[in-house]
Amino acid sequence: MEISLLLKKYRKENNLTLREFAAKCGTSHSYIAMLENGKNSKTNEPIVPSITMLKKISHGMGISINDLITLCDDMPITLNGSP
């Protein structure tokens with residue numbers, strides 16, 4: 001499953017707004033929106049989350065990073081610390 005679909009599904013199932021979910025993840029609502037849309041709103045390029053960001057997202061979802069990566073097994077990631 002693509003991370004965009006997973007995040008939208010999670011938010012819908014948990015009745016969370018972008019802002020509420022972003023707060024749980026410790027990131028901005030605009031970044032979550034970009035992930036859900038699959039592209040950077042400024043460059044229109046595909047957005048690729050870093051391992052650091054995946055840790056934040058998994059924490060916000062209450063699952064391990066391993067589970068998140070397994071759910072999104074075809075997702076590209078970057079190994080540096082930048083979101």
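Residues numbered from 1 in each chain as written. Predicted model: local features only at pLDDT ≥ 70, side-chain atom pairs only at ≥ 80, totals over all residues. Heavy atoms only, no water.

### Focus on the confidence of the model for the protein
Here comes step 1: The share of residues in the protein with pLDDT of 70 or more is 88%, and the mean pLDDT across the chain is 89.
Here comes step 2: Within the protein, helix α2 (residues 18–25) carries the highest mean pLDDT (97), whereas helix α5 (residues 65–71) carries the lowest (90). (pLDDT = per-residue confidence, 0-100. Helix = DSSP H or I, 4+ residues; strand = E, 2+ residues; numbered from the N terminus.)

### So, α2
Here comes step 1: What α2 keeps buried is the set Phe21, Ala22 and Cys25. Angular distribution of buried residues about the axis of α2 spans 100°; they occupy a single face of the element. Away from its buried face by more than 90 degrees, α2 exposes Arg19 and Ala23.
Here comes step 2: Buried residues along α2 sit in contact with α1 (3–13), α3 (29–37) and α4 (51–61).
Here comes step 3: Gly26 sits one or two residues past α2 and shows a positive phi near 75°. (Buried < 20%, exposed > 50% of the residue type's maximum accessible area, 1.4 Å probe, protein only. Arc of directions from axis to C-beta. Contact = heavy atoms within 4.5 Å.)

### Describing α1
Here comes step 1: Of all the residues in α1, the buried ones are Ile3, Ser4, Leu6, Leu7, Tyr10 and Arg11. The buried residues of α1 occupy an angular sector of 165° when the element is viewed end-on, so they sit on one face. Opposite its buried face, α1 presents the exposed residues Lys12 and Glu13, each directed more than 90 degrees away.
Here comes step 2: Buried residues along α1 sit against α2, α3, α4 and α5.
Here comes step 3: The positive-phi residue at the C-terminal boundary of α1 is Asn15, with phi of around 50°.

### What about the pattern of salt bridges?
Here comes step 1: According to the stated counting rule, one finds two salt bridges in the structure shown.
Here comes step 2: Between Glu13 and Lys9 there is a salt bridge, with its nearest N and O atoms 3.8 Å apart. Here Glu13 and its partner Lys9 are both found in helix α1, four residues apart, which amounts to about one turn of the helix.
Here comes step 3: Exposure remark for Glu13: the relative accessible area of 54% places this residue in the exposed category.
Here comes step 4: Of the charged contacts in the structure, one is a salt bridge between Glu36 and Arg11, with a shortest N-O distance of 2.5 Å. Separated by 25 residues along the polypeptide, Glu36 in helix α3 and Arg11 in helix α1 bring together distant segments of the chain. When sorted by exposure, Glu36 lands in the same class as Arg11, which is buried. (Salt bridge = Lys/Arg side-chain N within 4 Å of Asp/Glu carboxyl O.)

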